[in-house]
Amino acid sequence: MYSDKVLDHYNQPKNVGSFEEGDLSVGTGIVGAPECGDVMKLQLKVENGRIVDARFKTFGCGSAIASSSLATEWVKGKTLEEAAQITNSEIAEELSLPPVKIHCSVLAEDAIKAAVNDYKNRQ
Amino acid sequence: MNPTHPKPIYLDYSATTPVDPRVLEKMLPYFGEVFGNAASRNHQFGWAAEQGVEEGREQIAQLIGAQGKEIIITSGATESDNLAILGVAEMYGKKGNHIITCVTEHKAVLDPAHYLESKGFEVTFLPVDPQGMIDLKALEAAITDQTILISLMAANNEIGTLHPLKEIGQLAKAKGVLFHCDATQAAGKIKLNVEEMGIDLMSLSAHKMYGPKGVGALYVRRRQPRVRLAPILHGGGHERGMRSGTLNVPGIVGFGEACRLARLELEEEAVKMIALRERLYQGLAAKLDYLYLNGHPTQRLPGNLNLSFAFVEGESLMMGLEFIAVSSGSACTSASLEPSYVLRALGIGDDLAHCSIRFSLGRFTTEEEIDRTIEQVVATVTRLREMSPLYDMAKAGIDLKSIQWAGH
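Residues numbered from 1 in each chain as written. Chains lettered and ligands numbered in written order. Predicted model: local features only at pLDDT ≥ 70, side-chain atom pairs only at ≥ 80, totals over all residues. Heavy atoms only, no water.

1. Concerning the overall build of chain B
The cut-off we apply is this: Under the DSSP-based scheme used, a helix requires at least four consecutive residues in state H or I and a strand at least two consecutive residues in state E, with every element numbered from the N terminus. Both definitions apply: the radius of gyration is a C-alpha atom measure, and the globule rule equals 2.2 Å times residues to the power 0.38. Burial here depends on accessible area, computed with a 1.4 Å probe over protein chains only, as a share of the maximum for the residue type. Under 20% is buried, over 50% is exposed, and the range in between is partly exposed. Whether two residues are in contact is decided by their heavy atoms, any of which lying within 4.5 Å being enough. The Shrake-Rupley method, run with a 1.4 Å probe sphere, supplies the accessible areas, and residue values consider only the shown protein chains as cover. The charge count includes Lys and Arg as positive and Asp and Glu as negative, but it does not include His or the ends of the chains. Taken as the charge location is NZ of Lys, CZ of Arg, CG of Asp or CD of Glu.
A count of helices and strands for chain B gives 12 helices and 13 strands. Taking 2.2 N^0.38 as the reference for a compact globule, 408 residues should give roughly 22 Å; the C-alpha atoms of chain B span a radius of gyration of 22 Å, in line with that estimate. Considering only C-alpha atoms, chain B reaches an extent of 75 × 55 × 35 Å along its principal axes. The buried share among the 408 residues of chain B stands at 58%. In chain B, 72% of the contacts between residues at least 6 apart in sequence involve partners at least 24 apart. Surface summary for chain B: the accessible area is close to 17,100 Å², and the carbon and sulfur share equals 53%. Separation of charge centres in chain B, based on 40 positive and 48 negative side chains, amounts to 5 Å.

Written as structure tokens, this is what we have:
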């Protein structure tokens, strides 16, 4: 039912946690809604225009957790512009998400974009 | 199953039950030497099959205080519900075109009711309170001179809430309206008596009570009043013309034995189920905060425990309970991507519906399994809450309802 990659991220999620809210080098994106069954919080730590670290916390199904875990891995080392170009279909493909779970990857893409925008707005 | 994995724990008895070994033993000869068609009236092969069927029918009837002749064999509760509702609608349609049911009924009741709406019937879907109970006054007020049928379940399949059948039956009787009761989940778990409860039609399923899949029954009252039904399946005129089709002889024999065992063991088993259920509930409540019970605290099926683990999505929790079989009202576990309509009807909020898990205990559940379940659920909920942004917010005293979420 779940791909091995989803199971790996679910069982050993990467970069769970939070950065200090007040830190100016951090951008935070929160997307989704409790009523819809998934909420993702994604944070990026930026130094010299490059993402040096990332954290997430997710309320959602296994695929949502895996999508956000993967997103934190992928954004590391990228510039903000590069990170904002990560698409949901890349995430869905990497995790072999079934059609019914595509919205989880959409949420991860939205979370990255929201975090990038938040960072930019704070500078 | 992989021998290196722990023995899986089955806590989904409301979905289906294993066939009791005593039931299986009783069925086996009917796959072999007693293979006749119960409708073959002219030779011993038929007679032997018929005898098995009639004994089974009698046991089914005894479980609910009915007569054998009042039991119509079907393929399962979905068929029984359809036959009761569509059969009454067609037979009594000239008398009236109004049916009353309730929003938390099983789809096997709701969908035929919606179908009848499309054919010109009026259907009242009664609301329920936050514990899943209907309001008897609202039921009484909904009855009109056009009402021909009230269809209300004995016990809800998701939240286990028990409807006040006796009061409903009295009301139906006083108003001259037929009362159909879907007792799929309740039969064999709580005492049911069609006479004392004033029930005119009752749906039953074998596989929810340690019998085989593919066989069910519809109780159809024969006197005071004599209920008539238009058939859905037409053919050889079996089952008093109400349900044609060659009888599932081994299935009926097994169903009968399952009913006999349930009748004898029901009371003792209910005590054991309630004790195990409370052990599970108290064990979880002692270690987890933000835990919500769905359904009624006391008027509920002995083996049903439906809980919402706030801030943890149901499917992700089930993923963590790798060797425990439960079910969830979360959208992610449904084909429709909508959270459970039963939980929604309680008005608990979609956020908590997504966090719900139904534990349904049964005959073969042990204390040791309950203790292992508590351990695993606590560990998984704790782990998932550590990665839940909502749990952080709740702990920080933020009212989640005050936030403008970007719904999708």
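After that view of the structure, there is still more to cover.
2. Describing the state of the cysteines
Threshold: When two cysteine sulfur atoms are found within 2.5 Å, that pair is recorded as a disulfide.
Under the defined criterion, the tally for this structure stands at 0 disulfides over all chains. Looking at Cys61 of chain A, it has no disulfide partner, and the nearest cysteine sulfur is the one in Cys104 of chain A, 3.6 Å off. Distance from the sulfur of Cys102 of chain B, which forms no disulfide, to the nearest cysteine sulfur (Cys181 of chain B) is 12 Å.

3. What about the layout of surface pockets?
Residues and elements named next belong to chain B. Formally: Detection works on a 1 Å grid of protein atoms alone, calling trapped sets that fit a 1.4 Å probe cavities and calling open sets with protein on both sides within 12 Å along at least five of seven lines pockets, with lining residues defined by an atom within 4 Å of a point. Grid points are joined across faces, edges and corners, and a volume is the space filled by probe spheres set on the points. For this scheme, ten residues count as nonpolar: Ala, Val, Leu, Ile, Met, Phe, Trp, Tyr, Cys and Pro. Four count as charged, namely Asp, Glu, Lys and Arg, and the remainder, Gly too, count as polar. Boundaries of every domain are those given by an automatic assignment or by a domain database.
By volume, the largest pocket is sized at about 720 Å³. Along the wall of the largest pocket there are 39 residues; nearest its centre are His106, Asn157, Glu158, Tyr341 and Arg358. Of all the elements in the fold, those that place two or more residues in the lining of the largest pocket are helix H3 (77–92), helix H4 (107–118), strand E12 (327–328), helix H9 (341–345) and strand E13 (356–360). Here the residues of the lining of the largest pocket sort into 10 nonpolar, 21 polar and 8 charged. When residues of the lining of the largest pocket are sorted by domain, at least three fall in each of domain 1 (21–262) and domain 2 (266–398). Volume-wise, the second largest pocket comes out at about 390 Å³. For the lining of the second largest pocket, the element with the most residues is helix H8 (residues 314–320), which contributes 4 residues. A per-class count over the lining of the second largest pocket returns 11 nonpolar, 4 polar and 3 charged.

4. Thoughts on the packing of helix H4 (residues 88–95) of chain A against helix H5 (residues 102–122) of chain A
Residues and elements named next belong to chain A. Keep this limit in mind: What counts as an axis is a line fitted to C-alpha atoms, over the stretch in contact for a helix, and the angles between N-to-C directions run from 0 to 180 degrees. Roughly parallel covers angles under 35 degrees, roughly antiparallel covers those over 145, roughly perpendicular covers 65 to 115, and oblique covers all other angles. Each crossing gets its hand from how the near helix is turned against the far one by less than a right angle, where anticlockwise is left-handed and clockwise is right-handed.
Where H4 contacts H5, the two axes come as close as 8 Å, and the packing angle between them is 130 degrees. When the axis of H4 is compared with that of H5, the two are oblique. Classified by chirality, the crossing of H5 by H4 is right-handed. Counted together, Asn88, Ile91 and Ala92 of H4 and Ile102, Ser105, Val106, Ala108 and Glu109 of H5 form the full contact between these two elements. The class makeup of the residues in the contact of H4 with H5 is 5 nonpolar, 2 polar and 1 charged.

5. A closer look at the domain arrangement of chain B
Residues and elements named next belong to chain B. Using the following cut-off: Buried surface area refers to the total accessible area, computed with a probe of radius 1.4 Å, that the two partners give up upon joining, counted for both partners together. In the sections that follow, a salt bridge refers to a side-chain nitrogen of Lys or Arg positioned within 4 Å of a carboxyl oxygen of Asp or Glu.
Along its sequence, chain B is carved into domain 1 (21–262) and domain 2 (266–398). For domain 1 and domain 2, the distance between their C-alpha centroids amounts to 30 Å. Counting residues at the interface gives 31 residues for domain 1 and 24 residues for domain 2. When domain 1 packs against domain 2, close to 2,300 Å² is buried across both sides, 58% of that on carbon and sulfur atoms. When the buried surface of domain 1 facing domain 2 is broken down by residue, Glu158, Ile159 and Tyr210 rank first, second and third, together holding 31% of it. The interface formed by domain 1 and domain 2 includes 1 salt bridge. Linking Glu267 and Lys191 is a salt bridge whose minimum nitrogen-to-oxygen distance equals 3.7 Å. Broken down by secondary-structure element, the contributors of at least two residues to the side of domain 1 that touches domain 2 are helix H1 (21–27), H4 and helix H7 (249–285). A breakdown of the residues in the side of domain 1 that touches domain 2 according to their chemical character gives 14 nonpolar, 10 polar and 7 charged.

6. Some details on the nonpolar core
Condition: In this text, buried Ala, Val, Leu, Ile, Met, Phe, Trp, Tyr and Cys residues form a nonpolar core when linked through side-chain atoms within 4.5 Å.
Counting residues in each nonpolar core, the largest one holds 74 residues, and the members touching the most others are Ile64, Ile150 and Leu192 of chain B. At 6 residues, H7 of chain B tops the list of elements feeding residues into this core. In this structure Ile64 of chain B touches Ile71, Leu192, Asn193, Val194, Met202, Leu204 and Tyr219 of chain B, once residues within four positions along its chain are discounted. Counting 60 residues, the second largest nonpolar core, distinct from the first, contains Leu97 of chain A together with Phe309, Val326 and Leu361 of chain B.

7. A few points about H4 of chain A
Residues and elements named next belong to chain A. Operational definition: Working note: the arc is built from the helix axis to C-beta atom directions.
Of all the residues in H4, the buried ones are Asn88, Ile91, Ala92 and Leu95. One side of H4 holds all its buried residues, which, seen down the axis, span an arc of 95 degrees. Buried residues along H4 sit against helix H1 (4–11), helix H2 (62–75) and H5. Just past H4, the residue Ser96 takes up positive phi, approximately 50 degrees.

8. Section: the pattern of salt bridges
Residue and element names in this part refer to chain B. Throughout the structure, instances matching the rule amount to 34 salt bridges over all chains. A salt bridge links Arg358 to Asp12; the shortest N-O distance between them is 3.0 Å. You can see Arg358 sitting in strand E13 and its partner Asp12 sitting in the loop between strand E1 (9–10) and H1, a full 346 residues away along the chain. The residues Arg358 and Asp12 share a single accessibility class, namely buried.

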